[in-house]
Amino acid sequence: MTVLLHSDVPGYSCRRGKVRDVYDLGDRLVIIATDRISAFDWVLPTAIPDKGRILTALTLFWLNYLDVPNHLLSTDLADMGPAFAERAADLAGRACLVRKASVVPIECVVRGYLAGSGWKEYQRYGTVCGIALPPGLTQSARLPEAIFTPATKEESGHDQNISFEEMSDLIGRDLALSLRQRSLDIYQRASEHAHSCGLILADTKFEWGMLPDGEVLLIDEVLTPDSSRFWPADQYHEGASPPSFDKQFVRDWLETTGWDKNSPPPPLPPEVVERTAAKYREAYERLTGQSLGSSLAAR
Ligand SMILES: Nc1ncnc2c1ncn2[C@@H]1O[C@H](COP(=O)(O)OP(=O)(O)OP(=O)(O)O)[C@@H](O)[C@H]1O
Ligand SMILES: [Mg+2]
């Protein structure tokens, strides 16, 4: 087990996202998943051991399973250069060499169930991202069919839900139609696999990028607990919010601390860290059918 809050590779500067450190190598990027965790739009001061390795291993599992055009080039640190290879003890299993794409500035969200901001909007307006849904649905209800609900990528604060028409105005109708179809297809295939593992894929978010020649690639993390809402099927009941496989303990604990969500968040106590780490491990083991210990050791 390792813990990595920040990756500092000598001789390179990186752009820190909330969870990933991104190194620019020109036409390629090295993306390193750290053990940072965010909640309520803040990065917490405490790391979740091995979280970055789990997110990376799950993304690799899905890219292999889905077999759609994507940005991945290599996970071999030697391909990233000597400065990365020399940091193998910290970086192995966390780093991906990818093709640098121009990021389509839309979060491509697909929802099969009524949860989160979708449930809030539905209660007020009977819609989700402007899509009218049948009346009388309850919290966590399965939707008649999965829907595509795009959002803008905001530099700070919450991403804003937008309609498909607004997405088309921003990036062009042909690309919007193509990304909607691709995102719905992947959601469908992934939710069938999740179902066979006893999990419900309630919703998920994809990011897409474009190469200079116009080729569209699936980028970023794919179908991880950070980008998706997985529910254990045996604990699913309509009308209630099932426990999700990610930050539930963290969010619940933060709500008990009196933290105002406008100032830096407090450190997490060890039991919250351990329970959260166990949830990430469980998501990996259920979705891949592999034990995490043996998979990480094999790297
Ligand atoms: N192939 C790629 N080409 C270009 N950018 C990519 C590629 N894959 C992922 N990215 C970007 O790398 C970043 C990954 O960092 P991370 O997910 O930690 O950031 P974030 O906190 O989600 O969001 P952001 O920093 O974008 O607000 C994201 O900004 C993502 O859009
Ligand atoms: Mg991200």
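This one's a predicted model, so the numbers in the text were calculated from it and none came from an experiment.

J.: Please explain empty space enclosed by the protein as it appears in this structure.
T.: Per the stated rule, a full pass over the model turns up 1 cavity of 30 Å³ or more. Approximately 150 Å³ is the volume attributed to the largest cavity. Considering the residues around the largest cavity, the lining is formed by 16 residues, among which Ile 31, Thr 59, Cys 96, Asp 220 and Glu 221 are closest to the centre. Every element with two or more residues in the lining of the largest cavity is listed here: strand E3 (28–33), helix H1 (51–66) and strand E7 (95–99). With 5 residues, H1 is the largest single contributor of residues to the lining of the largest cavity. Per-domain counts for the lining of the largest cavity show at least three residues from each of domain 1 (1–100) and domain 2 (102–235).

J.: Would you take a moment to explain the sheet that holds E3 for this structure?
T.: Pairing between sheet strands relies on hydrogen bonds along the backbone, with the strands arranged either parallel or antiparallel. With antiparallel pairing, the 5 strands of this open sheet are ordered in space as E1-E2-E3-E7-E6. Edge positions in the sheet fall to strand E1 (14–16) and strand E6 (72–74), since each has one partner strand and no second. Looking at each pair of strands side by side, their axes are set apart by 35° on average, direction ignored. Sheet topology note: the strand E2 (residues 20–24)/E3 ladder contains 5 bridges and is antiparallel. Residue pairing across strands places Arg 20 opposite Ala 33, the latter belonging to E3.

J.: I tried to follow the packing of H1 against helix H8 (residues 270–288) on my own but got confused; where do I start?
T.: To describe two helices that pack against each other, one gives the angle between their axes and the distance between the axes. Where H1 meets H8, the closest approach of the two axes is 10 Å, and the angle between their N-to-C directions is 20°. Classified by the angle between their axes, H1 and H8 sit roughly parallel to one another. Judged by the sense of rotation from one axis to the other, the crossing of H1 with H8 is left-handed. Between H1 and H8, the residues in contact are Lys 51, Ile 54, Leu 55, Ala 57, Leu 58, Phe 61 and Trp 62 and Tyr 280, Arg 281, Tyr 284, Leu 287 and Thr 288, respectively. Its residues assigned to classes, the contact of H1 with H8 comprises 9 nonpolar, 1 polar and 2 charged.

J.: Can you walk me through the layout of surface pockets in this structure?
T.: Think of a ball as big as a water molecule: rolled over the atoms, this probe shows where empty space is left. Its volume calculated, the second largest pocket comes out at about 290 Å³. If you list the elements that add at least two residues to the lining of the second largest pocket, you get strand E9 (106–113), strand E12 (142–148), helix H6 (173–196) and strand E14 (199–210). Split by residue class, the lining of the second largest pocket holds 9 nonpolar, 4 polar and 3 charged.

J.: I keep staring at the domain arrangement of the protein chain and nothing clicks. Help me out?
T.: Partitioning the protein chain into domains gives domain 1 (1–100) and domain 2 (102–235). Centre-to-centre separation of domain 1 and domain 2, based on C-alpha positions: 24 Å. With 18 residues of domain 1 at the contact, the number on the domain 2 side is 20 residues. Taking both partners together, domain 1 and domain 2 bury about 1800 Å²; carbon and sulfur atoms supply 61% of that area. Taken together, the links from domain 1 to domain 2 amount to 2 salt bridges. Across the contact surface, domain 1 and domain 2 share 8 residue pairs in polar contact (both at pLDDT 80 or more). Counting residues per element, the side of domain 1 that touches domain 2 draws most heavily on H1, which supplies 9 residues. Considered class by class, the residues forming the side of domain 1 that touches domain 2 number 10 nonpolar, 3 polar and 5 charged.

Calculation notes
- Residues numbered from 1 in each chain as written.
- Chains lettered and ligands numbered in written order.
- Predicted model: local features only at pLDDT ≥ 70, side-chain atom pairs only at ≥ 80, totals over all residues.
- Heavy atoms only, no water.
- 1 Å grid on protein atoms, 1.4 Å probe; cavity = no way out; pocket = protein on both sides within 12 Å on 5 of 7 lines; lining within 4 Å.
- Points joined across faces, edges and corners; volume = space filled by probe spheres on them.
- Helix = DSSP H or I, 4+ residues; strand = E, 2+ residues; numbered from the N terminus.
- Domains from an automatic or database assignment.
- Pairing = 2+ DSSP bridges.
- Axes fitted to C-alpha atoms, helices over the stretch in contact; angles between N-to-C directions.
- Parallel < 35°, antiparallel > 145°, perpendicular 65-115°, else oblique.
- Left-handed = near helix turned anticlockwise from the far one by under 90°.
- Contact = heavy atoms within 4.5 Å.
- Nonpolar A, V, L, I, M, F, W, Y, C, P; charged D, E, K, R; others polar.
- Buried area = accessible area lost by both parts, 1.4 Å probe.
- Salt bridge = Lys/Arg side-chain N within 4 Å of Asp/Glu carboxyl O.
- Polar contact = N/O pair within 3.5 Å; in protein donor to acceptor, adjacent residues only side chain to side chain.

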